[in-house]
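Coordinate inspection notes
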Amino acid sequence: MITVSEVSMNYGPQVLFENVNVSFNEGERYGLTGPNGCGKSTFMKILSGDLEPLRGHVSRPRKLGILRQDHYGFDEIKVLDVVMMGNDRLWKALSEREKLMEHVENLTDDEGMRLGELEMIVAEEDGYMAEAEAEELLEGLGIALEFHREPLSVLTGGDKVRVLLAQALFGQPEGLLLDEPTNALDIGSIRWLESFLQDYRGALIVISHDRLFLNNVATKIADIDYETIIVYPGNYDDMVEVKADSRSALELANSAKQQRISQLQDFVQRFRAGSRASQVKSREKQLVREKEALNNLKRSNIARPFIRFEQVRPSGKQVLDMKGIEKGFDGKSLFTNFHMSIFRGDKVAIVGPNGAGKTTLMRMMLGEISPDTGTLEPGYEAQMGYMPQDHAELIGENEDTAHSWLWKWNEEIGEEQVRSLFGRLLFTKEQPFKKTKVLSGGETVRLLLARLMLLKPNVLLLDEPTNHLDLESIRSLTEALEHYQGTCIFITHDRQMVSHVADRIIEIDKGTIRELNLDQFIEGDFLAGHQTYQKKSW
């Protein structure tokens, strides 16, 4: 169990949460939710002990698995060892035992006694099966066996994060703190992690912007709002339904209070100079009390951007025609002899593991990369709007403000409409005048979406558009793509978006490319070659 008592935290004048009292119980899996900037990662750091709250304290179990974000300190360490370091007591015992074993024939009596103690610790921590457990975790998260005994530095940044996730899961911890564990994972690895966590018996607290992941994993939702943490039973969708009802009731009460204040103000203004002075004085006191009560109400921090994509004019019937496409790099084939025609109004999802060639295919569709063989012809009047995975490709490092950068793409609307567009995407009054280089990840994505809303293309090509967005923003984007009348081609690991938006699904994996139907995708049939989780007893 993890117990939080009277914890408060703020940054300057912004109160994140105040006097929080909550227990995270063994056997329950909690999704920690709230919009970007509400304090989710801060609260997770308080739970882990990496950050001290302003007030209050946290009680933690002895074995706590924590997903670390900084992998640079492990670069020279063997991948398997990085994972086993997740059980600190076991790792220290193994390291000390190894040093003693270097001169085992010349041990002193004390060293011999110590070696026996270390063997007991290794046995208690199931250390004789440690490498096998570490290998199983790595394979389930998509790290091939050939890398397990290599230094961490040989892996890409995303794969290093997978290793740190395996480290957090290793050793059967009593509590698990996972901040965005699905960020570096492809769909197959996300499904494996879901199965692992569903079988986990400790107290789990996880932050994720993957709605389906939260729905599949969470048994309760700990939501940061109204400057506190409210625990709701059920998964994320259950919480949204309950919270919407409560919020409607609260807003209705606030509206009634505002109306009462207006009535009191009107009475005071009308009769201040008349013969009802005593009544006016009584109403003035009541007015002060009502205003104080309204000001003391804690406001919800939930906000959803309003995203809608339009098109200046529709494209021709055929948007893109690909015949006999083949592409590879450094002798490695990504796909061969691929044929596909995309028509006006198609919603095409491109899925597959990281590094399979999804972005390469999209860049070929854009005309930025040529196929090795085959032809790719855009259709009549196809006007493409692109959002890259690497946002610096469009925004870059410069002194532009968000407003001046967006204005470069503007050919037809005035200043007032541009300001309105920023407002719809949750930029406050001064935020459009922040320099693009200091925008948060979420602000940058919303700025790129504003550009597409401004350009009104009839073909959208989106590479990982949900990166850095919070759950409410992803929900708004998904609805916008559902309502879009043009053609949309998008790369994502967000299964909720695929199942709600796509009517065609392209899978790229291990040098092959094929089209799936929605049932195959939902059932996970396309993941037959991926490592599956084997249920175990804890």
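Within each chain, residues carry numbers counting from 1 in the order of the written sequence. In keeping with the predicted nature of the model, local features appear solely for residues at pLDDT of at least 70, side-chain atom pairs appear and are counted solely at 80 or more, and the whole-chain, interface and lining totals rest on all residues. In computing side-chain properties, one takes all heavy atoms of the structure into account and sets aside hydrogens as well as water.

A word on the overall build of the chain
Where helices and strands are cited, they refer to DSSP runs of H or I of at least four residues and of E of at least two residues respectively, numbered from the N terminus. In terms of helices and strands, the chain carries 17 helices and 18 strands. Exposure categories follow from relative accessible area, calculated using a 1.4 Å probe and restricted to protein chains: below 20% of the type maximum is buried, above 50% is exposed, and the middle band is partly exposed. Out of the 538 residues in the chain, the part that is buried amounts to 48%. When checking whether two residues touch, look at their non-hydrogen atoms; a contact exists if any pair is within 4.5 Å. Long-range pairs, those at least 24 residues apart, make up 70% of the contacts in the chain with a sequence separation of at least 6. Only the protein chains shown count as covering a residue, and every accessible area follows the Shrake-Rupley method with a 1.4 Å probe. When the accessible area of the chain is evaluated, it comes to approximately 25600 Å², of which 48% is carbon and sulfur surface. Positive and negative side-chain charges of the chain, numbering 63 and 84 respectively, have mean locations separated by a distance of 10 Å. Charged residues are defined narrowly, with Lys and Arg counted positive, Asp and Glu counted negative, and His plus the chain ends left uncounted. Where a charge sits is defined by one atom per residue type, namely NZ (Lys), CZ (Arg), CG (Asp) or CD (Glu).

A short note on the sheet that holds strand S13 (residues 373-378)
Should DSSP find at least two bridges between two strands, the strands are regarded as paired. Across the sheet, which stays open at both edges, the three strands sit in the order S11-S10-S13 with antiparallel pairing between neighbours. Two strands bound the open sheet, and with one partner strand each, they are strand S11 (332-343) and S13. Put simply, the sheet's adjacent strands are angled 15° from each other on average, direction ignored. Bridge analysis of strand S10 (residues 318-329) against S13 gives five bridges, and the strand direction is antiparallel. For Leu-320, the partnering residue across the bridge sits in S13 and is Pro-378. Contacting S10, S11 and S13, helix H11 (residues 358-366) runs over the sheet at an angle of about 130° to S10. As a rule, the C-alpha atoms of each element are fitted with a line to give its axis, helices using only the stretch in contact, and angles between N-to-C directions run from 0 to 180 degrees.

Here's the deal with the sheet that holds strand S1 (residues 2-11)
With antiparallel pairing, the three strands of this open sheet are ordered in space as S2-S1-S4. Pairing within the sheet leaves two strands with one partner each, and these edge strands are strand S2 (14-24) and strand S4 (55-59). The mean angle between the axes of side-by-side strands here comes to 20°, regardless of whether they run parallel or antiparallel. Sheet topology places S1 next to S4; four bridges connect them, and they run antiparallel. In the strand pairing of S4, Val-4 is matched with Val-58.

Quick word on the domain arrangement of the chain
How large an interface is tends to be reported as the accessible area lost when its parts come together. Annotation comment: domain bounds sourced from an automatic or database domain assignment. Assigned domains within the chain: domain 1 (2-238), domain 2 (241-296) and domain 3 (318-523). Computed from C-alpha coordinates alone, the two centres of domain 1 and domain 2 are separated by 50 Å. Between domain 1 and domain 2, the contact holds six residues from the first and five residues from the second. Buried area: the accessible area, evaluated with a 1.4 Å probe, that two parts lose upon being put together, summed over both parts. With both chains or domains summed, domain 1 and domain 2 bury close to 470 Å², and 47% of this area falls on carbon and sulfur atoms. Polar contact criterion, stated in full: a pair of N or O atoms within 3.5 Å, where within protein one must be able to donate a hydrogen and the other to accept it, and residues adjacent in sequence count only if both atoms are side-chain atoms. On inspection of domain 1 and its partner domain 2, the count reaches three residue pairs in polar contact (both at pLDDT 80 or more). Each residue is assigned to one of three groups, with Ala, Val, Leu, Ile, Met, Phe, Trp, Tyr, Cys and Pro labelled nonpolar, Asp, Glu, Lys and Arg labelled charged, and all others, Gly among them, labelled polar. Its residues assigned to classes, the side of domain 1 that touches domain 2 shows two nonpolar, no polar and four charged.

What about the packing of helix H5 (residues 130-140) against helix H7 (residues 187-198)?
One way to put it is that H5 packs onto H7 with a least axis distance of 9 Å and a crossing angle of 135°. In terms of orientation, H5 and H7 fall into the oblique class. Where H5 approaches H7, its residues Glu-136, Leu-137 and Gly-140 are matched on the opposing element by Ser-189, Trp-192 and Phe-196. Taken together, the residues of the contact of H5 with H7 break down into three nonpolar, two polar and one charged. Comment on the angle field: the value is read as roughly parallel under 35 degrees, roughly antiparallel over 145, roughly perpendicular from 65 to 115, and oblique elsewhere.

Observations concerning the packing of aromatic side chains
Any Phe, Tyr or Trp ring, taking Trp's six-membered ring, that has another such ring centre within 6.5 Å forms a pair; planes under 30 degrees apart are called stacked, those over 60 apart edge-to-face, and the others tilted. Within the structure shown, the criterion is met by seven aromatic pairs. Judged by centre distance (4.9 Å) and plane angle (90°), the ring pair of Phe-24 and Tyr-30 falls under edge-to-face. For the residue pair Phe-24 and Tyr-30, the accessibility class agrees, reading buried in each case. Considering the side-chain rings of Phe-422 and Phe-427, the 5.1 Å spacing of their centres and the 80° angle between planes classify their relative orientation as edge-to-face. Chaining the aromatic ring pairs together yields one cluster made of Phe-17, Phe-24, Tyr-30 and Phe-43. In this structure, Arg-446 packs its charged tip against the face of Phe-427, placed 5.1 Å from the ring centre. For the cation-ring pair, Arg-451 lies above Trp-409, with the distance from its terminal atom to the ring centre recorded as 4.2 Å. Whether a charge lies above a ring is judged from NZ of Lys or CZ of Arg, which has to be within 6 Å of the ring centre and within 35 degrees of the ring normal.

A closer look at helix H1 (residues 40-48)
Most of H1 is tucked away, with seven of its nine residues classed as buried. Among all positions in H1, only Lys-40, Thr-42, Phe-43, Met-44, Ile-46, Leu-47 and Ser-48 are buried. Just downstream of H1 lies Gly-49, where phi reads positive at about 90°.

A closer look at the pattern of salt bridges
Put simply, a salt bridge is a Lys or Arg side-chain nitrogen that is within 4 Å of an Asp or Glu carboxyl oxygen. Per the stated rule, a full pass over the model turns up 36 salt bridges. Between Glu-117 and Arg-114 there is a salt bridge, and its shortest N-O distance comes to 3.0 Å. Note that Glu-117 and Arg-114 are positioned in helix H4 (residues 109-124) at a spacing of three residues, about one turn of the helix. The partly exposed category is assigned to Arg-114, whose relative accessible area is 28%. Between Asp-237 and Arg-211 there is a salt bridge, with its nearest N and O atoms 2.8 Å apart. One end of the pair, Asp-237, is in helix H9 (residues 236-271); the other, Arg-211, is in helix H8 (residues 211-217), with 26 residues separating them in the sequence. Each of the salt bridges in this network shares a partner with another, and the network as a whole consists of Arg-62, Lys-63, Arg-89, Glu-124 and Glu-125.

Describing the pairing of strand S15 (residues 459-463)
Among the five residues of S15, five are classified as buried, and the element is accordingly described as predominantly covered. Two strands pair when backbone bridges link them, and strand S14 (residues 384-387) and S15 are joined in this way by four bridges, in the parallel orientation. Across the sheet, Met-384 pairs through a bridge with Val-459, a residue of S15. Relative to strand S16 (residues 487-491), S15 is paired through five bridges, and the arrangement is parallel.

Regarding the environment of Leu-518
Position of Leu-518 relative to the elements: it lies in helix H17 (residues 518-523). Counting along the chain gives 19 residues from Leu-518 to Ser-499, while the straight-line C-alpha distance between them is 7.0 Å. If we skip the residues at most four places from it in the chain, Leu-518 touches Val-498, Ser-499 and Ile-505.

Focus: the environment of Leu-165
Along the chain, the position of Leu-165 falls in helix H6 (residues 157-169). Setting aside chain neighbours within four positions, we find Leu-165 in contact with Leu-67, Leu-141, Leu-178, Pro-181, Leu-185 and Leu-193.

Some remarks on the nonpolar core
Within soluble globular proteins, side chains that are nonpolar generally end up buried alongside one another. For the purposes of this section, nonpolar cores are sets of buried Ala, Val, Leu, Ile, Met, Phe, Trp, Tyr and Cys residues that join through side-chain atoms within 4.5 Å. Core analysis: the largest hydrophobic core is formed by 51 residues, its most contacted members being Val-163, Leu-169, Leu-178 and Leu-197. Ranked by the residues each element gives to this core, the list is headed by H6, at six residues. Setting aside chain neighbours within four positions, we find Leu-178 in contact with Met-44, Leu-67, Leu-165, Ala-168, Leu-169, Leu-197, Leu-204, Ile-205, Val-206 and Ile-207. In this structure, Ala-402, Leu-448, Leu-462 and Val-498 belong to the second largest nonpolar core, which totals 41 residues.

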